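# Coordinates in review
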Amino acid sequence: MTTLVHPADTLTRDALTVLQPGFTGTSAPDWLLRRLGEGLASVGLFGRNIASPDQLAALTAELRAEREDVLVAIDEEGGDVTRLEVRGGSSFPGNLALGAVDDPRLTHDVARELGRRLAECGVNLNWAPSADVNSNPSNPVIGVRSFGADPLLVARHTAAYVEGLQSAGVAACAKHFPGHGDTAVDSHHDLPRIAAELRTLQERELVPFRAAIAAGTKAVMSAHILLPALDGTLPATLSRNVLTGLLRAPVSEGGLGFDGLIVTDGMEMRAIAGTYGIEHGSVLAIAAGADAICVGGGLADEATVLRLRDALVQAVRDGELSEKRLADAAARVRALARWTRSAGAAQGTLPGERGVAPAPEAGLVAARRALRVTRNGPYEPLTTPAYVAAFTPVANIAVGDETPWGVAAELARLLPGTETGTYGSTGEAGDADRPGGTGEAEGTGGAGRSAQAAQVAEVLRAAGERRIVAVVRDAHRHAWMTAALDALLDARPDTVVVEMGLPQAAPRGALHIATHGAARVCGRAAAEVIAGG
């Protein structure tokens, strides 16, 4: 049994301090307030916790009444991944749209406005931006969340985003270290493996993280991915080689020299929970060099907090985890909390104070600039109601399925009477809509072709004489979607096609619009073009 240097209550407080848990409801439960009084220093917010900006501000005020320096974290990337506007869709385009424009000043301004809105609601840590280089276009979980496939482009926009967000007094958290872009598996479901050599990682994956660190990012989030070039046994979140030997090590020793907060991705994700369990996984992560444990996207109750607290305390007592390592991790959490207080005061972004000047149109300006429009012959803008056929894949967990997307609502605003229908996979297996699926075999059998024909016939019947607007999302990853679009364009060549995912497929349709993301504001920008606005 290890002899503790500090009293047991200090150890318990440190164990609580390194946790970033979630909860259910739009007000703080009693158990959460009680644990804040006992040492819990961070809270993670998700879409289920947010009903409106005023409600969110009241919630964060409730948390700060219990602990003034609490870190209130959120997963607000803008674009497809929004918690602040989870039920209406984001007012900001996501990273791919910003990368398509390639104006770092615009990216800075968008991130600053997003940060201003978060700070106004009392949120001071954003688990963003994604610094992943989307080198694999079949990636099922990153895609439009990345600025692009060019490491230098991703690097300059990651830096601009970090600087813009933090200029509003909100700490940035570059993710998913050391890079989740070259994966074909979603770590929410399984453990991805990146077989790239160390030289490739240095020249591709790590470039944006170096830029984020140079820009002063206050936090970095680890990825639940296995990279044999760095560690052949443990995923990055649990690997000392990755977190301490690479991310934390001095630049003079080949590391990235990061001295801020290292936070894990959600520990209940299957890549960790399915193999190590969240308790043992959390102990391994802190031992490896992580400072904060993110948990609460799926497990959001007091029992989870107590399980992890007790696991960390017991690991110290059993000698499995250094007491000093746990204390250092807790100290970094408290240091970030101090920074958010001072940064918020400097920018005037503490709740209730006037600070950063609003820029309400920043997101719409960016979304409009991000559009890539291809006309295949003469195109007459729509002036009468249209029929929108939305071909909808299963959303990945990071995006969620509660956030609306598409162009139908915005087009109906411009062209009253516009109607819409939603169409899903016609394949019996639905490969691309299953975790890790590729979609190559979808809808290729007789039953699949028959179902596709019936689906397209239903679109044509529902549309009648109206012009059709076909909305797709990552058509290159979904064979059923591509086949349906082929059949629809054969029958109605005047169809408008809107690609709201990664625009890998060749532009088709009388008018093709690539929005580079499915945020509400991207739908508005596309609808304006369709209607000639």
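Before any of the text, the structure's been laid out above.
This write-up is about the structure you can find in this document.

Take the packing of aromatic side chains next. Here the distance between the centres and the angle between the planes together describe a pair of aromatic rings. Counted according to the given criterion, the structure contains 4 aromatic pairs. Relative to Tyr161, the ring of Phe147 has its centre 6.4 Å away and its plane inclined at 65 degrees; by these criteria the two rings are edge-to-face. Residue Phe147 is located in the loop between strand 4 (125-126) and helix 6 (151-167), and its partner Tyr161 is located in helix 6; the two are separated by 14 residues in the primary sequence. Ring geometry for Phe391 and Tyr423: centres 5.7 Å apart, planes at 35 degrees, overall tilted. In this pair, Phe391 is assigned in strand 10 (residues 387-391) and Tyr423 in strand 11 (residues 419-423), connecting sequence segments 32 residues apart. Classification of Phe391 by relative accessible area gives buried; the value is 0%. It is Arg473 that lies over the ring of Trp405; its NZ or CZ is 4.6 Å from the centre.

The next point concerns the sheet that holds strand 2 (residues 42-45). Reading across from one edge, 2-3-4-5-6-7 is the order of the 6 strands in this open sheet, with parallel pairing throughout. Every interior strand has two partners, whereas the edge strands, strand 2 and strand 7 (261-263), have only one. Of the strand pairs in this sheet, strand 2 and strand 3 (residues 71-74) are connected by 4 bridges, and their pairing is parallel. Each bridged residue has a counterpart across the sheet, and for Gly44 the counterpart in strand 3 is Ala73. Where helix 8 (residues 206-214) meets the sheet, it contacts strand 5 (171-177) and strand 6 (219-222), and its direction lies at approximately 165 degrees from that of strand 5.

To continue, consider the pattern of salt bridges. In total, this model carries 37 salt bridges according to the counting rule given. Salt-bridge contacts for Asp182 lead to Arg204; the nearest nitrogen and oxygen are separated by 3.0 Å. Taken together, the residues Asp182 in the loop between strand 5 and helix 7 (198-203) and Arg204 in the loop between helix 7 and helix 8 connect sequence positions 22 residues apart. Judged by its relative accessible area of 23%, Asp182 falls in the partly exposed class. Within the structure, one salt-bridge network assembled from shared partners comprises Asp75, Glu77, Arg83, Arg145 and Lys175.

The residue Pro503 is located in the loop between strand 13 (496-499) and strand 14 (511-514) in this model. Residues Pro503 and His476, spaced 27 residues apart in sequence, show a C-alpha to C-alpha distance of 7.9 Å. Those residues in contact with Pro503 that sit more than four places away from it in its chain are Leu96, Ala514 and His516.

Here the focus is the environment of Gly169. Tracing the backbone through its elements, the reader meets Gly169 in the loop between helix 6 and strand 5. Expressed as a C-alpha distance, the spacing of Gly169 and Asn124, which sit 45 residues apart in the sequence, is 6.9 Å.

The next thing to look at is the nonpolar core. Among the nonpolar cores identified, the biggest contains 98 residues, and Leu19, Leu45, Leu63 and Phe177 are the most heavily contacted of them. Leu364, Val407, Ala519 and Cys522 belong to the second largest nonpolar core, which has 26 residues in total.

Turning our attention to the pairing of strand 13. Side-chain alternation along strand 13 places Val496 and Val498 on one buried face and Val497 and Glu499 on a second face that is also buried. In this sheet, strand 13 lies alongside strand 12 (residues 468-472) in parallel orientation, the contact comprising 4 bridges. The residue bridging Val469 from the neighbouring strand is Val496, located in strand 13. In the classification by handedness, the crossover that spans strand 12, the intervening helix 17 (residues 479-491) and the parallel strand 13 is right-handed.

Reading guide: rules and limits
- Residues numbered from 1 in each chain as written.
- Predicted model: local features only at pLDDT ≥ 70, side-chain atom pairs only at ≥ 80, totals over all residues.
- Heavy atoms only, no water.
- Phe/Tyr/Trp six-rings, centres within 6.5 Å; stacked < 30°, edge-to-face > 60°.
- Helix = DSSP H or I, 4+ residues; strand = E, 2+ residues; numbered from the N terminus.
- Buried < 20%, exposed > 50% of the residue type's maximum accessible area, 1.4 Å probe, protein only.
- Lys NZ or Arg CZ within 6 Å of the ring centre and 35° of its normal.
- Pairing = 2+ DSSP bridges.
- Contact = heavy atoms within 4.5 Å.
- Axes fitted to C-alpha atoms, helices over the stretch in contact; angles between N-to-C directions.
- Salt bridge = Lys/Arg side-chain N within 4 Å of Asp/Glu carboxyl O.
- Core = buried A, V, L, I, M, F, W, Y, C linked by side-chain atoms within 4.5 Å.
- Right-handed = clockwise from strand over helix to strand, strands pointing away.

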